[in-house]
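# Analysis of the macromolecular model
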Amino acid sequence: MPLTTTGELITGAAAHSAVAAFNVITLEHVEAVVAGAESAAAPVVLQVSENAVRFHDGDLIPLARAASAAAERAAVPVALHLDHIQSDDLLRRAVDAGFGSVMYDASRLPYLDNLAATHAAVEWAHGQGLWIEAELGQVGGKNGAAPLDAHAPGARTDPDEARAFVADSGVDALAVAIGSSHAMTTRTAALDHALLERLAGALDVPLVLHGSSGVPDDELRTAVAGGIAKVNIGTALNIALTGAIRDFLTDRPEVVDPRKYLTAGRAAMAETVARLIGVLRTEAVLPPG
Ligand code: G3H
Ligand code: ZN
């Protein structure tokens, strides 16, 4: 199918359903996300983070081209999203690399600096036709830092501040801090649903949940029912990939052909993608055929 955009997927999603957005690092991640979405018959967002670009020596293009090609061959709509961008230089490479949306992350900065940087990014992005998400109330556990405790003060978005931030920056969507934390390897996060209700009531842009790998299924469902429109998932894929490879090589330590253990790893990721999409959406299933 032709590439779609994150904005179109969110607009087209049924009420009280969310678009799943998965972070990809390798070609196998890309293939697994597309395969998982196809088996769930649901649209999906492929996300490439600034950290993933750094892993590829700062070169965005090879992974982006692979993701574009996989998206165009997919049987379901796929959007490409550049995630957690702090570098203005990388932001400016988004369009040529085929991305229809970006998440500009200045949430580490004090409020006014975050607002100024985000506003400038929005001006540029909208001039290029890009849909742009930003973050207010830092979701912890980024860039290798220990995940924040769900009740840490830095892990909350204030509704009044969020309303002003959205109005003054012009962002198309807002990542909100409601109790999740990045890079959790246990699914134990407890979300602040009362805060989400206040945020959903205060804001008229789609709300995005980050750090969703650490959020249990029921909490995810409740968050989607409460107004989360995009759910970002990364670590869950890496848990699946690494676990499958570890098990494979433990059973068969003589194997050196990466195709053998990567096949197991890719299949485990695809299964995780399909399962989590099933948790997130009830009405976003595409009609058969
Ligand atoms: O932006 C990416 C997500 O927030 C992924 O977080 O790796 O904890 O699932 P996660
Ligand atoms: Zn994130």
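The coordinates are above.
Please read these numbers as outputs of a predicted model, since none were measured by experiment. Throughout, residues of each chain are indexed from 1 in the direction in which the sequence is written. Chains carry letters and ligands carry numbers; both start at the beginning, A for chains and 1 for ligands, and go up in the order they are written. Local features in this predicted model are restricted to residues whose pLDDT is 70 or higher, and side-chain atom pairs enter the listing and the counts only when it is 80 or higher, whereas totals over whole chains, interfaces and linings include all residues. Note: side-chain values were computed over all heavy atoms of the structure, leaving out hydrogens and water.

## Concerning the pattern of salt bridges
Short version of the rule: By definition, a salt bridge exists where a carboxyl oxygen of Asp or Glu is found within 4 Å of a side-chain nitrogen of Lys or Arg.
Applying the stated rule across the entire model yields 11 salt bridges. With a shortest N-O distance of 3.5 Å, Arg252 and Glu254 are connected by a salt bridge. Residues joined in a network through salt bridges with shared partners are Arg187, Asp217 and Arg275.

## Here we look at the sheet that holds strand β7 (residues 207-209)
Operational definition: Any two strands with at least two DSSP bridges between them are considered paired. Runs of E in the DSSP output that reach at least two residues are strands. Runs of H or I that reach at least four are helices, and both are numbered from the N terminus. Between the N-to-C directions of two axes lies an angle of 0 to 180 degrees, each axis being a line fitted to C-alpha atoms and, for a helix, fitted only over the stretch in contact. Working rule for contacts: check all heavy atoms of both residues, and any pair within 4.5 Å makes them a contact.
Strand order in the closed barrel formed by 8 strands is β1-β2-β3-β4-β5-β6-β7-β8, with parallel pairing between adjacent strands. Going from strand to strand, the sheet's axes swing by 25° on average, the running direction of each strand aside. The sheet contact formed by strand β5 (residues 131-136) and strand β6 (residues 173-176) spans 4 bridges and is parallel. Directly across from Ala134, in β6, lies its bridge partner Leu174. Where helix α2 (residues 27-40) meets the sheet, it contacts β1 (19-23) and β2 (44-49), and its direction lies at approximately 165° from that of β2.

## Quick notes on the coordination of the zinc ion (ligand 2)
Note the following rule: Each metal site is built from N, O and S donor atoms within 2.8 Å (3.2 Å for Na, K and Ca), and since water is not included, such sites may look incomplete. Type-normalised accessible area, obtained with a 1.4 Å probe on protein chains alone, sets the label of each residue: buried when under 20%, exposed when over 50%, and partly exposed for intermediate values.
For the zinc ion (ligand 2), the protein coordination sphere consists of His84 (NE2), His182 (NE2) and His210 (ND1), at 2.0 to 2.1 Å. Spacing between the donor residues of the zinc ion (ligand 2) along the chain follows H-x97-H-x27-H. Taken as a pair, His182 in the loop between β6 and α8 (193-202) and His210 in the loop between β7 and α9 (217-225) lie far apart in primary sequence, 28 residues in all. You can call His210 buried: its relative accessible area is 1%.

Don't take any of this as a statement about function, it's just geometry.
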